[in-house]
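Take a look at the letters that make up each chain.
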Amino acid sequence: MEVGRYAPSPTGDLHIGNAFAAVCAWARARRAGGRCLLRIEDLDTPRVVAGATERMLEDLRALGLTFDGELLVQSRDLTPYHEALARLRAHSALYACRCSRKDLARAASAPHEGEEGPPYPGTCRELGLPFDDPALPVAWRFRMPEGVVTVDDPLQGTFAQDVRREVGDVVLRRKDGLIAYQLAVVVDDLRQRVTEVVRGRDLLSSAPRQVLLCRALGGAPPSFAHLPLLVDASGGRIAKRTAGADVLLRSLFARGLSGQRVLGMIGAALGVCGEGEHLDVATLAGRLDDRVLRRASVTWASS
Ligand code: GLU
């Protein structure tokens, strides 16, 4: 049974690019006769916005999207992440790292385009620092295995990465104790038995490290399909942090547009329906085949 998922972070309100990703994840799972789960990725607590989860759920409902199974909210139970860390530690796959805050700050959230720094040089790799000494705050890093990982993406083609050399040993638990996105996403995709990860192509470069982490946890990695990014007229990615009223779902609904009208606008941007049409989720989903999605970006012309 195919299992897909849509995994938004409540760091702001959903915009049109998020709606596109949600519909695509739903469409691919349903077309394969499978299920699509919904997961709230809210472990990056400093960036979580109060009330954003409830508003995201409302917006998804207004689009007519219904997900399968139980809603997983990561922050409700941290046990699975701590168990995974313990397991990795038992296999000597982690080490403690005392490097500066600046190096470590990025680890909590999914690294979207341009947000990843240079690879960690491995300064603390062989130092054998203690993991739990209250006098020495440390982050926990994953000893990235050697070798090239290849991801065959039906939409973006083959992506090969020498993860250890190009990315380095990633942080899985920050100095302040926060669980990193890279660990949480792998733990959840494994325990929810996700078979295909569908999300924006700015996370394509995270897929190889997630494959390695998944294997280190004794699991079989899912397959990956990375979607074109929605960009504005000047080619900039539409992002939660910078999204204006013209692309936020809430604002579009507040202007009186229905969910089906918004889906019609997405369909028109992709060239699968005419301007001004209304589409329900199933109809739009039926038109989103790989041929339509095999591109790097889709331009969103605000109305
Ligand atoms: N929660 C991540 C985000 O909203 C998505 C992570 C994923 O789909 O793997 O950016």
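Everything below is about the structure shown above.
These numbers come from a predicted model, not from an experiment. (Residues numbered from 1 in each chain as written. Predicted model: local features only at pLDDT ≥ 70, side-chain atom pairs only at ≥ 80, totals over all residues. Heavy atoms only, no water.)

## Here we look at the layout of surface pockets
So the rule is basically this: Whether a set of points on the 1 Å grid over the protein atoms alone is a cavity depends on a 1.4 Å probe fitting there but being unable to get out, while an open set qualifies as a pocket with protein on both sides within 12 Å along at least five of seven lines; lining residues are those with an atom within 4 Å of a point. Grid points are joined across faces, edges and corners, and a volume is the space filled by probe spheres set on the points. Here a strand is any run of E in DSSP of at least two residues, a helix any run of H or I of at least four, and the numbering for each starts at the N terminus. Side-chain classes follow a simple rule in which Ala, Val, Leu, Ile, Met, Phe, Trp, Tyr, Cys and Pro form the nonpolar group, Asp, Glu, Lys and Arg form the charged group, and the remainder, Gly included, forms the polar group.
Of the pockets and cavities examined, the largest pocket occupies roughly 750 Å³. Of all the secondary-structure elements, those providing two or more residues to the lining of the largest pocket are β1 (3-6), α1 (16-31), α6 (181-191), β9 (196-200) and β11 (229-231). Residue contributions to the lining of the largest pocket peak at 4 residues, all from α1. Taken together, the residues of the lining of the largest pocket sort by class into 19 nonpolar, 9 polar and 10 charged.

## Quick look at the packing of α6 against helix α7 (residues 207-216)
Worth spelling out the cut-off: Axes here refer to lines fitted to C-alpha atoms; in helices the fit is confined to the stretch in contact. Angles between the N-to-C directions go from 0 to 180 degrees. Under this scheme an angle from 65 to 115 degrees is roughly perpendicular, one under 35 degrees roughly parallel, and one over 145 degrees roughly antiparallel; angles in between are oblique. Should the near helix be turned anticlockwise from the far one by less than a right angle, the crossing is left-handed, and should it be turned clockwise, the crossing is right-handed. In what follows, a contact means two residues having at least one pair of non-hydrogen atoms within 4.5 Å.
At their nearest, the axes of α6 and α7 sit 10 Å apart, and the two run at 60° to each other. In this view, α6 runs oblique relative to α7, as classed from their interaxial angle. Relative to α7, α6 is oriented so that their crossing is right-handed. Side by side, α6 and α7 meet where Tyr-181, Gln-182, Leu-183, Val-185, Val-186 and Leu-190 of the first sit next to Arg-209, Gln-210, Leu-213 and Cys-214 of the second. Its residues placed into classes, the contact of α6 with α7 shows 7 nonpolar, 2 polar and 1 charged.

## Here we look at the environment of Asp-202
Note the threshold: We call a residue buried when its accessible area falls under 20% of the maximum for its residue type, exposed when it is over 50%, and partly exposed in between, using a 1.4 Å probe and counting protein chains only. Contacts described as polar in this section are N or O atom pairs within 3.5 Å, which, within protein, must combine one atom able to donate a hydrogen with one able to accept it, while residues neighboring in sequence count only if both atoms come from side chains.
For Asp-202, the location among the structural elements is in the loop between β9 and α7. Residue class for Asp-202 comes out buried when judged on its relative accessible area of 8%. For Asp-202, the side chain forms a polar contact with the side chain of Arg-237, separated by 3.2 Å.

## Observations regarding the site of the ligand
This is how the line gets drawn: Near is defined per residue: the residue qualifies when any heavy atom it owns lies within 4 Å of the molecule or strand. Per-residue and other accessible areas were derived by the Shrake-Rupley procedure at a 1.4 Å probe size, with only the shown protein chains allowed to occlude residues. To be counted as sitting in a cavity or pocket, a molecule needs more than half of its atoms within 2 Å of that site's grid points.
If you check the shell around the ligand, you find Arg-5, Ala-7, Pro-8, Ser-9, Glu-41, Ala-110, His-112, Tyr-181, Val-185, Arg-199 and Leu-203 and nothing else. Contact between the ligand and Ser-9: a nitrogen atom at 2.8 Å from a side-chain N or O atom of the residue. Glu-41 places a side-chain nitrogen or oxygen 2.6 Å from a nitrogen atom of the ligand. For the ligand, whose unbound accessible area comes to 300 Å², protein coverage reaches 89%. Given that more than half its atoms are within 2 Å of the pocket grid, the ligand belongs to the largest pocket. Of the residues contributing to the shell around the ligand, the split by class is 6 nonpolar, 2 polar and 3 charged.

## Focus: empty space enclosed by the protein
Under the defined criterion, the tally for this structure stands at 1 cavity of 30 Å³ or more. Volume-wise, the largest cavity comes out at about 50 Å³. What lines the largest cavity is simply Val-185, Val-186, Asp-189, Gln-210, Val-211, Cys-214, Pro-221, Pro-222 and Phe-224. Contributions of two or more residues to the lining of the largest cavity are made by α6 and α7. Along the lines of polarity and charge, the residues of the lining of the largest cavity split into 7 nonpolar, 1 polar and 1 charged.

## Let's talk about the sheet that holds strand β2 (residues 35-40)
Rules: Between any two strands, at least two bridges found by DSSP are needed for them to pair.
With parallel pairing, 3 strands are arranged side by side in an open sheet as β1-β2-β3. The outermost strands of the open sheet, each flanked by one partner alone, are β1 and β3 (68-73). Along the sheet, successive strands turn relative to each other by an average axial angle of 25°, direction set aside. Pairing analysis gives 4 bridges linking β1 to β2, with the strands arranged parallel. Residue Val-3 lies in a different strand from β2, and its bridge partner there is Arg-35. Contacting β1, β2 and β3, α6 crosses the sheet at an angle of about 145° to β2.

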